[in-house]
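# Structure at a glance
The residues making up each chain are set out below.
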Amino acid sequence: MKKTATIWLFIGLAGALLLPWYAQDSGFWTFEWLFGGFGSAEAGSALTLALFHGKWWLFPAVLFIGLSGLGLAAIKKHQMLARTLIIVPALGLFTIVVQGFVIGRIGPNYFVEFLSANGAADGQIGMGAGALVVLASLLFMLTSGISGSGKGRGDAFIVGLIGLIVALVAVFVFFPVSQILVEAFKTSEGELSLGGFFARIFSPRIWSLACVVSDSRCGPAWNSLFLAIMTGAGTTLLGLAFALIATRTNFRAKKLLRVLTIIPIITPPFVIGLALILLFGRAGTVTELLNEFFDVPKTRWLYGFWGIYLAQLLSFTPIAFLVLIGVVEGVSPSMEEASQTLNADRWQTFRWVSFPLMRPGLANAFLLGFIESIADFGNPLVLGGNYNVLSTDIYFAIVGAVADSGKAATLAIVLLSLTLGAFVVQRFWVGKKSYATVTGKGDSGQHASLNPVLRTVCYATAIPWAAFTAVVYSMIIFGSFVKLWGYDHSFTLEHYLRAFSISFTNGIRWTGVAWDSYFTTLTISTIAAPLTALVGLATAYLLVRQKFWGKGAFEFSTMLSFAIPGTVIGISYILAFNVPPIELTGTGIILIIVFVFRNMPVGVRGGIAAMSQLDKSLDEASITLGANSFTTVRRVIVPLMGPAILAALTYSFVRAITSVSAVIFLVSAKHNMATSFIVGRVENGEFGIAIAYSAVLIVTMLTAILLLQLVIGRRRLRREDRVQMHGKIKINPAGT
Amino acid sequence: MGHAMETPMQRGSVRFENVVKRFGEVVALKSLTLEIRPGELVTLLGPSGCGKTTTLRLIAGLEAPSAGRILIGGEDVTHLTATYRNVSMVFQSYALFPHMSVLENVSYGLRANSVAKAEAAEKALEGLDMVGLEGFGDRLPSELSGGQQQRVAVARAVVLEPEVLLLDEPLSNLDAKLRRHVREEIRQIQQKLGLTAVYVTHDQEEAMAVSDRIIVMKNAEIAQQGTPSDLYNAPNSEFIADFIGDANVLDCDVVEVKDNVAEVVLAGQKLKVPTTHAEKFNAVLIVRPQNVRMVPASNKTGLKGNVSYSAYLGNQMQYTVQTKVGPMFIIDNTMGEVFPVGKDVRLHFAEDKLALVPS
């Protein structure tokens, strides 16, 4: 305890005495603050600002670090020191957070008269490096105090990790979401009002059912709900058909089936929408053909419910497939064999045994489809037409003629309630009823094959659908090489050239219009991916391997950000991080942060799955052999988690590139992302360049995935090469 | 830390003082107090869920007690985690690190305790020699048989020269023949190094074979402790009698207790049974199957019975005999006269080998 705390004490001292407390306009890493000197009002440290610039409310930062240091130096009794290291840093954290919220950018937010009279009238800007270091130092001194007090089993590393992740989730998930609530409670005069809140939440503008009885439009809430239910049902049925074919038939092209369903994961969100426009839009290929041969009038049917529905089915069927293939495989063959030895025929076996066992899994797939659909932003944005849904309405409330953050916040709360509702149902009702039992015991035996009728039904649904998906994707390639779709079908490289041309006169100049956003996207995704994997897997480690107070709530809160739609995250980040104490809007950091916390649940899930397969006695063996938790993680767990790390890295990288819903609120002129650039082109009707850019993104992601496989996969491969000579490697050490 | 005025205890001793362990609502240990002396091999024996593994994990530091104190070598280690306790453990699943070679596995603990690389490797090789695995250092655990993996696990634990060696059902993944062999080896290594060892098993035969002392646990507390022969010959409860070896438990009347001998009436038969009780008490009679002799019905004395089942096992005959006091399980090692099913017999008891336990 003492060693860890002392290290953090010195880091904290440096933060409080030397580093600039506030964010620097020129950025921290330019080091211009060094030359301004820490005595200046802009680049001063907490100490100098408090002493020479009248910012007395920064004194606690110095004071509590100092007190912790005194405690460390003076207190010899272990328990007493532990208690001191809990109380003092906790008080420090509390006062620093409070001053950050009380004194805002243009002056005090609370106790206005008193504080204005006492030197705080000018307010303060967002926290910077000094504040960050001081807060981290206080946090880790606190956790080392907790670990030293002997409560619980954690050593300093574990408790520190828990503290860090709790703090991060609190700041970057709970705090922003709570800001939406605050915003929704505010009246137009800026006062908090409960009545106004309910009036807005249940306003007929959101919940109108007018479309049922008349021609007028329904509220976006009903639209979203209806769409989500339809999509959930549709993707589940299609996914089930694919899953049954993949596991229960001798279908030859199973591998191809899998590939076809994996592709959508690396597809930017509105690419499917664009391809559908190329096929079924007013100038689309199919529309033209039907018009020419059957005189079907050209309509705009695609822009509305059916367009979004089609696009969402294409986008989310793979997710249902991935869930259901696990479910279908999870039904133990021995149960089906037992049923057959009891003289049930194949149909009876399916109806009475296999299907009831799959039912919870189906409900799960439905809810996932529901959540994905309701949170979907890209497809409704491209194809929505007059069919308003919540996620796009939130966006238009912010970017529309009048930015109405109150309206956006209200819509966000409705959307959040719907997804959270579905999430809670999924976790606590469906999740508990799951029969899918993976015992770890090898189940030999054969899955019962499908009866002929069911097999025909599956083929009849899945194969045309797969073919349709293939057509949709080939449109992306065709569309990018065609001058003007529907009018001028001559071959051209013009779109690629406009986006990605390079001029070699006077050295290399990246003259294409897309380069800026492309490089930004790559940089930010590359930084975000390892961070996401780190946070996600660290959280998984804590959840699977450590016991601590409040673990249930901790798990729920880390999974929560999975259920929060991207648009809601986006709007909440704008509300929360546009003003001190944390000012991040307009920076690249906020993009990285939003990716880390949006994609973290996937890392957590993957990590939990991988870690659950590692026998717990491996960690315990390491610990009883005298290694501490950090060594155990480094030498035992990480080496055995190779595939999970790879999956987390790949996934978070790809998600960072394809994500649009949260990002579109947070991009700035300086940090524009590929997806929001493409949205801009789509809005201008420049489909060619949008599609060309999408194709480049897909190639980029494929390359990146392959590279990651090569770099990270290598170590594992070598191991396996070596093992191959003698026998198969076993992860479960119990095996004989 | 703690109370310095304790009676000094030697290296390798373990003491639990009123240790309680709760998992939420479930009580895994009710106020356990026990003492393990340096150099002895103590087995924690009991049915599953009795708290024996929890006790082992508490000694290891993998669990923290809800109340009470734990001392190892006289030092209070209640709040120390496993990393900082000088104990090592052999796991049921062996828990060999699959990505490290045998040598890396065995030297892992030494390296974690900052022993220099060369010295660690040297000690690890010695450890491998001791368990008879010289030359296997470069293999991966997956390339070894179950018995060999087991020995690597033992070597990995003992090279640290721990104060206490913990073994959690170390033989349960081995086949029956190998078990006897490996348990002899473990016992030899333990005695050679003079290690204190705590051994968990649910197999009473294994426990009898390896232990200096057995602690039988039931329902989260100690049911009885003692040497194997104490437990077998003088069980203190029906549970122990039944759990340690086979036993017929018969209802009887205690007529009188005098000079450590109880006069007992069993279905009209008078028997004199040794007891530690000083006064008359309500008891049941414990009869080991080999302490009953079957004689032909023509005998005038003995409990009447009728053979309902008989089995030939090569070195012994096993019978079930229906009597007035219920069915009795009997083993005949003499391989003398064979009694077929349906035959009437008389039963004679070896009275000095019977035991009474309170009912």
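Residues numbered from 1 in each chain as written. Chains lettered and ligands numbered in written order. Predicted model: local features only at pLDDT ≥ 70, side-chain atom pairs only at ≥ 80, totals over all residues. Heavy atoms only, no water.

Counting its secondary structure elements, chain B contains eight helices and 21 strands. When its C-alpha atoms are laid out on the principal axes, chain B stretches across 80 × 50 × 35 Å. For chain B, the proportion of its 359 residues judged to be buried stands at 53%. In chain B, the proportion of contacts linking residues at least 24 apart, taken out of those at least 6 apart, comes to 66%. Looking at chain B as shown, the accessible area adds up to about 16100 Å², and 48% of this sits on carbon and sulfur atoms. A distance of 4 Å separates the average location of the 36 positive side-chain charges in chain B from that of its 43 negative side-chain charges. (Helix = DSSP H or I, 4+ residues; strand = E, 2+ residues; numbered from the N terminus. Buried < 20%, exposed > 50% of the residue type's maximum accessible area, 1.4 Å probe, protein only. Contact = heavy atoms within 4.5 Å. Areas by Shrake-Rupley, 256 points an atom, 1.4 Å probe, with all protein chains shown as cover. Lys, Arg positive; Asp, Glu negative; His and termini not counted. Charge placed at Lys NZ, Arg CZ, Asp CG, Glu CD.)

Residue and element names in this part refer to chain B. In terms of burial, strand 19 (residues 326–332) is a largely internal element, five of the seven residues being buried. Bridge count between strand 18 (residues 317–323) and strand 19: seven bridges; the pairing is antiparallel. The residue of strand 19 that forms the bridge with Thr 323 is Gly 326. Linking two consecutive strands that pair antiparallel, namely strand 18 and strand 19, is a turn of two residues. (Pairing = 2+ DSSP bridges.)

What follows is about the packing of helix 1 (residues 2–17) of chain A against helix 7 (residues 129–148) of chain A. Working note: a packed helix pair is described by the angle between its axes plus the distance between those axes. All names here are of chain A. At a minimum axis distance of 8 Å, the contact between helix 1 and helix 7 shows a crossing angle of 160 degrees. Considering the angle they form, helix 1 stands roughly antiparallel to helix 7. Judged by the sense of rotation from one axis to the other, the crossing of helix 1 with helix 7 is left-handed. Each of Thr 4, Ala 5, Trp 8, Leu 9, Ile 11, Gly 12, Gly 15 and Ala 16 in helix 1 lies in contact with helix 7, whose residues at this interface are Gly 130, Val 133, Val 134, Ala 136, Ser 137, Phe 140, Met 141 and Ser 144. Across the contact of helix 1 with helix 7, the residue classes break down as ten nonpolar, six polar and no charged. (Axes fitted to C-alpha atoms, helices over the stretch in contact; angles between N-to-C directions. Parallel < 35°, antiparallel > 145°, perpendicular 65-115°, else oblique. Left-handed = near helix turned anticlockwise from the far one by under 90°. Nonpolar A, V, L, I, M, F, W, Y, C, P; charged D, E, K, R; others polar.)

All right, on to the sheet that holds strand 17 (residues 303–312) of chain B then. Residue and element names in this part refer to chain B. The five strands lie next to each other as 16-20-17-18-19, forming an open sheet whose pairing is antiparallel. A single partner strand is all that each edge strand has here, and the edge strands are strand 16 (292–296) and strand 19. Adjacent strand axes in the sheet meet at a mean angle of 45 degrees when their direction is disregarded. Examined bridge by bridge, strand 17 and strand 18 share seven bridges and lie antiparallel to one another.

What follows covers the domain arrangement of chain B. Residues and elements named next belong to chain B. Examined at the domain level, chain B breaks down into domain 1 (14–238) and domain 2 (246–358). The centre of domain 1, based on its C-alpha atoms, is set 39 Å off from the matching centre of domain 2. With seven residues of domain 1 in contact, the opposing surface of domain 2 contributes seven residues. Each partner contributes to the roughly 580 Å² buried at the junction of domain 1 and domain 2, and carbon and sulfur atoms together form 54% of this total. Between the two partners, domain 1 and domain 2, sit zero salt bridges. If you tally residues by element for the side of domain 1 that touches domain 2, the top one is helix 7 (residues 228–233), at three residues. Grouping the constituent residues of the side of domain 1 that touches domain 2 by class yields three nonpolar, three polar and one charged. (Domains from an automatic or database assignment. Buried area = accessible area lost by both parts, 1.4 Å probe. Salt bridge = Lys/Arg side-chain N within 4 Å of Asp/Glu carboxyl O.)

On to the pattern of salt bridges. Residue and element names in this part refer to chain B. Inspection of every chain in the model, using the stated rule, returns 19 salt bridges over all chains. One salt bridge connects Arg 57 with Glu 63, and the closest N-O pair in it is separated by 3.1 Å. One exposure class covers both Arg 57 and Glu 63, and it is buried. Among the ionic pairs, Arg 187 bridges to Asp 212, the shortest N-O distance being 2.8 Å. Of this pair, Arg 187 sits in helix 5 (residues 176–193) while Asp 212 sits in the loop between helix 6 (204–210) and strand 9 (213–218); the two residues are 25 residues apart in sequence, bridging distant segments of the chain.

Turning our eyes to something else, we now look at the nonpolar core. All names here are of chain A. Of all hydrophobic cores here, the largest spans 248 residues; its most connected members are Leu 276 and Tyr 573. Excluding anything up to four places from it in sequence, Tyr 573 contacts Phe 172, Pro 176, Asn 578, Thr 585, Ile 590, Ile 593, Val 594, Phe 597 and Leu 666. Counting 32 residues, the second-largest nonpolar core is a separate cluster that includes Ala 5, Leu 9, Ala 61 and Leu 85. (Core = buried A, V, L, I, M, F, W, Y, C linked by side-chain atoms within 4.5 Å.)

Time to look at helix 5 (residues 78–102) of chain A. Residues and elements named next belong to chain A. Taking 1.5 Å per residue as the helical rise, helix 5 with its 25 residues ought to reach 36 Å, and the 36 Å between its terminal C-alpha atoms agrees with that figure. Considered for burial, the residues of helix 5 that qualify are Leu 81, Ala 82, Thr 84, Leu 85, Val 88, Pro 89, Gly 92, Leu 93, Ile 96, Gln 99, Gly 100 and Val 102. In this fold, the buried residues of helix 5 make contact with helix 1, helix 4 (59–74), strand 1 (103–104), strand 2 (107–108), helix 6 (112–120) and helix 7. (Expected span 1.5 Å × (residues − 1).)

We now examine the interface of chain B and chain A. Contacts between the two partners involve 43 residues from chain B, matched on the other side by 33 residues from chain A. On the surface where chain B and chain A come into contact, there are one salt bridge. Between Glu 620 of chain A and Arg 57 of chain B there is a salt bridge, with the nearest N and O atoms lying 2.7 Å from each other. Between the two partners, chain B and chain A, sit seven residue pairs in polar contact (both at pLDDT 80 or more). Only helix 1 (52–60), strand 6 (87–90), helix 2 (102–112) and helix 4 (146–158) of chain B provide two or more residues apiece to the side of chain B that touches chain A. When the residues that make up the side of chain B that touches chain A are grouped by side-chain class, the tally is 21 nonpolar, 15 polar and seven charged. (Polar contact = N/O pair within 3.5 Å; in protein donor to acceptor, adjacent residues only side chain to side chain.)

Let us look at the sheet that holds strand 6 of chain B. All names here are of chain B. Taken in spatial order, the six strands make up an open sheet running 6-7-8-3-9-10, and their pairing is mixed. Of all strands in the sheet, those with a lone pairing partner are strand 6 and strand 10 (221–226), marking the two edges. Neighbour-to-neighbour, the strand axes of this sheet turn through a mean angle of 20 degrees, independent of strand direction. Pairing of strand 3 (residues 41–45) with strand 8 (residues 196–201) involves five bridges; the strand directions are parallel. Paired with Leu 45 across the strands is Thr 201, a residue of strand 8.

As a further point, take the domain arrangement of chain A. Residue and element names in this part refer to chain A. Annotation of chain A at the domain level lists domain 1 (2–151), domain 2 (223–388 + 443–488) and domain 3 (515–724). A straight line from the C-alpha centre of domain 1 to that of domain 3 covers 30 Å. Listed per partner, the contact involves seven residues of domain 1 and four residues of domain 3. Here domain 1 packs against domain 3, burying approximately 500 Å² in sum over the two surfaces, 58% of which is carbon and sulfur. When the buried surface of domain 1 facing domain 3 is broken down by residue, Arg 105, Gly 126 and Met 127 rank first, second and third, together holding 62% of it. At the boundary of domain 1 with domain 3, the tally comes to zero salt bridges. Connecting domain 1 to domain 3 are two residue pairs in polar contact (both at pLDDT 80 or more). For the side of domain 1 that touches domain 3, the class distribution of residues is three nonpolar, three polar and one charged.

Right, let's get into the environment of Gly 421 of chain A. Along the chain, Gly 421 of chain A falls in helix 21 (residues 405–430). Since its relative accessible area comes to 31%, Gly 421 of chain A is described here as partly exposed.

Another aspect to go through is the confidence of the model for chain A. Low pLDDT means the predicted atomic positions in that stretch should not be read closely. Residue and element names in this part refer to chain A. Looking at chain A, the pLDDT average stands at 82 and 92% of residues meet or exceed 70. This stretch, residues 436–443, has a pLDDT under 50; its non-local contacts, to residues over four places away or in other chains, come to four contacts. The low-confidence segment residues 714–736 (pLDDT under 50) makes 38 contacts with residues lying over four places distant or belonging to another chain. (pLDDT = per-residue confidence, 0-100.)

Our next topic: the packing of helix 25 (residues 551–563) of chain A against helix 27 (residues 588–613) of chain A. Residues and elements named next belong to chain A. Relative to each other, helix 25 and helix 27 sit at 125 degrees, their axes nearing to 7 Å. In terms of orientation, helix 25 and helix 27 fall into the oblique class. Of the two possible hands of crossing, helix 25 and helix 27 adopt the one that is left-handed. Of the residues in helix 27, those in contact with Glu 555, Thr 558, Met 559, Ser 561 and Phe 562 of helix 25 are Phe 597, Arg 598, Met 600, Pro 601, Val 602, Val 604, Arg 605 and Ile 608. Taken together, the residues that form the contact of helix 25 with helix 27 break down as eight nonpolar, two polar and three charged.

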